[in-house]
Amino acid sequence: KHRLFRELDEVTPPHALLATNTSSLSITYIASVTKRPSQVLGLHFFNPAHVMKLVEVVRGLDTSEATLELAGEVCRRMGKLSIQVEECASFLVNRLLGRYASEALFMLQDQVIDPEGLDRAAFDFVMPMGPIALRDFTGIDIGHHVATFNHSEYGARFEPPALLGQMFERGWLGQKAGQGFYVYDPETRRPTGVNPQLAGLLERFPRSSEPFDVRRLFLPMINEALLVIQEHVARPGEIDLAMRAGLGMRRGPLQIAEDIGLAECLNLLEGYFLTHGERFRPAPLLKRLVWGRRTMVMG
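Overview of the structure.

Conventions adopted
- Residues numbered from 1 in each chain as written.
- Predicted model: local features only at pLDDT ≥ 70, side-chain atom pairs only at ≥ 80, totals over all residues.
- Heavy atoms only, no water.
- Buried < 20%, exposed > 50% of the residue type's maximum accessible area, 1.4 Å probe, protein only.
- Helix = DSSP H or I, 4+ residues; strand = E, 2+ residues; numbered from the N terminus.
- Arc of directions from axis to C-beta.
- Contact = heavy atoms within 4.5 Å.
- Pairing = 2+ DSSP bridges.
- Axes fitted to C-alpha atoms, helices over the stretch in contact; angles between N-to-C directions.
- Phe/Tyr/Trp six-rings, centres within 6.5 Å; stacked < 30°, edge-to-face > 60°.
- Lys NZ or Arg CZ within 6 Å of the ring centre and 35° of its normal.
- Patch = residues over 30% accessible without salt bridge, like charges linked within 9 Å, V, L, I, M, F, W, Y side chains within 5 Å.
- Areas by Shrake-Rupley, 256 points an atom, 1.4 Å probe, with all protein chains shown as cover.
- Salt bridge = Lys/Arg side-chain N within 4 Å of Asp/Glu carboxyl O.
- 1 Å grid on protein atoms, 1.4 Å probe; cavity = no way out; pocket = protein on both sides within 12 Å on 5 of 7 lines; lining within 4 Å.
- Points joined across faces, edges and corners; volume = space filled by probe spheres on them.

**Examining helix α6 (residues 131-138)**
No. 1: When we look at burial in α6, the residues that qualify are Pro 131, Ile 132, Arg 135 and Asp 136. Along the axis of α6, the buried positions cluster into a sector of 140°, meaning they face one direction only.
No. 2: Contacts made by the buried residues of α6 are with α4 (93-109), α5 (115-125), α7 (140-154), α8 (162-169), β5 (182-184) and α10 (214-230).
No. 3: Just downstream of α6 lies Gly 139, where phi reads positive at about 110°.

As structure tokens, then:
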């Protein structure tokens, strides 16, 4: 990226904006090799870009308001939904998705539910595809890389599940490898069932006596959304909009939190924090909302 942006800086007109379609790389770091950091930004198109409407318009440290406004107008002319995001690791949608995706694997590690049951529960609750099927579809190697990167940036609450690393080491990379959490027909690439070797791998982890609760799967995403609001990464009113457009959720994390009840979310997080640690440390904003007897994140 540095080599490319140095070359672009030399050959493009001085008024040109330089945009990168990254899902996580630092806009500020990329812009640092140019003579126009105020005109460098991120335009994160969601895959497949010709179908998905969402674009995260990412501001680096020096990106100007004029640059953001023009980029937003370009997105609108393309028929896209643009959401402005302040630079942070994995930006908005993938940052929240990462918390949900990792918790799914922790739940498998704890053996409170099987892959098919977890996928079905997530689908019935709010998602267009379960987290285990999605992990196989996007690739265990990609998931491992992203989880490791987010852990290095955010610390303990983004700790990668050991299960993910062990899947990666075994080459069980998902659909493209013919096996991941599920096994796949070599011709159709459709799943034919749970990977029969997975049970032996899961036996290496201690089994939890905790009952399954689908809310546990979404609480880390909800909590991260509140941290995003605290950090002014995105406008609160656009977070659910982005999550619905980017992931196909039927309800966004803030709406889910309000449906569960903010006080109940805090109660659940505090309970899971005692048993599972930093992944569930409640966001300070959630505490303040509950102490202030708020029932909505906004309003």
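**Details of the sheet that holds strand β2 (residues 40-45)**
No. 1: Spatially, the four strands line up as an open sheet ordered β1-β2-β3-β4, and their pairing is mixed. In the strand order of this sheet, the two ends are held by β1 (18-20) and β4 (81-86), each with one partner. In this sheet, adjacent strand axes meet at a mean angle of 30° when their direction is disregarded.
No. 2: Note that strand β3 (residues 54-59) and β4 share six bridges and pair parallel. When the sheet's bridge partners are listed, Val 58 is paired in β4 with Val 85.
No. 3: Sitting on the sheet, helix α1 (residues 2-11) is in contact with β1 and β2, with an inclination near 160° to β1.

**A closer look at the packing of aromatic side chains**
No. 1: The tally for this structure, following the rule as stated, stands at four aromatic pairs.
No. 2: Both rings, one in Tyr 154 and one in Phe 158, keep their centres 4.8 Å apart while their planes meet at 25°; by these two values the pair is stacked.
No. 3: Residue classification places Tyr 154 among the buried residues on the basis of a relative accessible area of 18%.
No. 4: A relative accessible area of 6% places Phe 158 in the buried class.
No. 5: Among the aromatic residues, those joined into a ring-pair cluster are Tyr 100, Phe 125 and Phe 218.
No. 6: Its guanidinium or amino end placed over the ring of Trp 172, Arg 170 lies 5.9 Å from that ring's centre, counting from NZ or CZ.

**Section: a nonpolar patch on the surface**
No. 1: Together, Leu 17, Leu 70, Val 74 and Met 78 make up an exposed nonpolar region whose accessible area comes to about 320 Å².
No. 2: On the secondary structure map, Met 78 appears in the loop between α3 (65-77) and β4.
No. 3: In this structure Met 78 comes out as partly exposed when scored by relative accessible area, which is 47%.

**Here we look at empty space enclosed by the protein**
No. 1: For the structure shown, the criterion picks out one cavity of 30 Å³ or more.
No. 2: Estimates place the volume of the largest cavity at around 40 Å³.

**Re unusual backbone geometry**
No. 1: In this chain, Asn 47 is followed by Pro 48 through a cis amide linkage whose omega measures -5°.
No. 2: With respect to the helices and strands, the residue Pro 48 is situated in the loop between β2 and β3.
No. 3: Even without a glycine there, the phi angle at Arg 189 is positive, about 65°.
No. 4: Secondary-structure assignment places Arg 189 in the loop between β5 and β6 (191-194).
No. 5: What makes Arg 189 partly exposed here is its relative accessible area of 45%.
No. 6: Of note in this structure, His 232 is not a glycine but carries a positive phi near 60°.
No. 7: In this fold, His 232 is placed in the loop between α10 and α11 (236-247).

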